[in-house]
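Below are the chains, spelled out letter by letter.
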Amino acid sequence: MIYVDADACPVKAEVLKVAERHAFEVTFVANSGLRPSRDPMVKNVIVSAGFDAADDWIAERAGPADIVITADVPLAVRCVAAGAFVTGPTGRVFDETNIGMASAMRDLGQHLRETGESKGYNAAFSPRDRSKFLETLDRLCRRAKSNG
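This is a predicted model, so every value here is computed, not measured.

K.L.:
Even after reading the chapter, I still don't get the packing of aromatic side chains, so can you show me in this structure?
P.N.:
To describe a pair of aromatic rings, one takes the distance between the centres and the angle between the planes. One pass over the structure, following the stated rule, counts 1 aromatic pair. An angle of 70° between the planes, with centres 6.1 Å apart, marks the rings of Tyr3 and Trp57 as edge-to-face. In this pair, Tyr3 sits in strand 1 (residues 2–5) while Trp57 sits in helix 2 (residues 53–61), placing the two residues 54 residues apart along the sequence. Here Tyr3 falls in the buried class, since its relative accessible area comes to 8%. Under the relative-accessibility criterion, Trp57 is labelled buried at 16%.

K.L.:
Whenever I open this one, the packing of helix 2 against helix 3 (residues 73–81) confuses me. Can you help?
P.N.:
The axes of two packed helices give the description: the angle between them and the distance between them. At a closest axis distance of 9 Å, the pairing of helix 2 and helix 3 adopts a crossing angle of 10°. Comparing the axis directions of helix 2 and helix 3 gives the class roughly parallel. For the pair helix 2 and helix 3, the contacting residues are Asp55, Asp56, Ile58 and Ala59 in the first and Leu75, Arg78 and Cys79 in the second. Partitioned by chemical class, the residues of the contact of helix 2 with helix 3 number 4 nonpolar, no polar and 3 charged.

K.L.:
Help me understand the pattern of salt bridges in this model?
P.N.:
It is possible for side chains bearing opposite charge to pair when their charged atoms get close. Overall, the coordinates contain 5 salt bridges when judged by the stated rule. Here Glu14 ties to Arg130 by a salt bridge, and the two come within 2.9 Å at their closest N and O atoms. Placement of the pair is Glu14 in helix 1 (residues 12–22) and Arg130 in helix 5 (residues 127–147), with a sequence separation of 116 residues. The class of Glu14 is buried, set by a relative accessible area of 12%. The exposure class assigned to Arg130 is partly exposed, which follows from its relative accessible area of 29%. Asp56 is paired through a salt bridge with Arg78; the nearest N and O atoms lie 2.9 Å apart. One end of the pair, Asp56, is in helix 2; the other, Arg78, is in helix 3, with 22 residues separating them in the sequence. Judged by its relative accessible area of 37%, Arg78 falls in the partly exposed class.

About the criteria used
- Residues numbered from 1 in each chain as written.
- Predicted model: local features only at pLDDT ≥ 70, side-chain atom pairs only at ≥ 80, totals over all residues.
- Heavy atoms only, no water.
- Phe/Tyr/Trp six-rings, centres within 6.5 Å; stacked < 30°, edge-to-face > 60°.
- Helix = DSSP H or I, 4+ residues; strand = E, 2+ residues; numbered from the N terminus.
- Buried < 20%, exposed > 50% of the residue type's maximum accessible area, 1.4 Å probe, protein only.
- Axes fitted to C-alpha atoms, helices over the stretch in contact; angles between N-to-C directions.
- Parallel < 35°, antiparallel > 145°, perpendicular 65-115°, else oblique.
- Contact = heavy atoms within 4.5 Å.
- Nonpolar A, V, L, I, M, F, W, Y, C, P; charged D, E, K, R; others polar.
- Salt bridge = Lys/Arg side-chain N within 4 Å of Asp/Glu carboxyl O.

What follows is the structure in structure tokens.
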């Protein structure tokens, strides 16, 4: 199963492309409307607008041999702990070797924004990010299949 933290996810089409090639089911989870799909391998879940409702839904279900796509580091921490394969939309993999540092850097960035030391601008999503994501998701699908 591939779980996608779908609010503001820039790689939905890419997820579907790779998932179809590897015969993975996909669940898009969001707080607001999603485009319906006729594909029986694709499910849309709309959760309440509560804070972190989509994250909680995904974290409660993701486990070993599942893949989670999120840019949200706290969600990535929870999913890595559950044994899931996790990547961000730029192809950055989160795993037990780097999740602690990713979490610490997120917390530092938040502190710097709160104190006014940093404006907190994110880099624009680029074609290179999209390409790296496709490569990463394909690799994670192969790993998840061999572990599942």
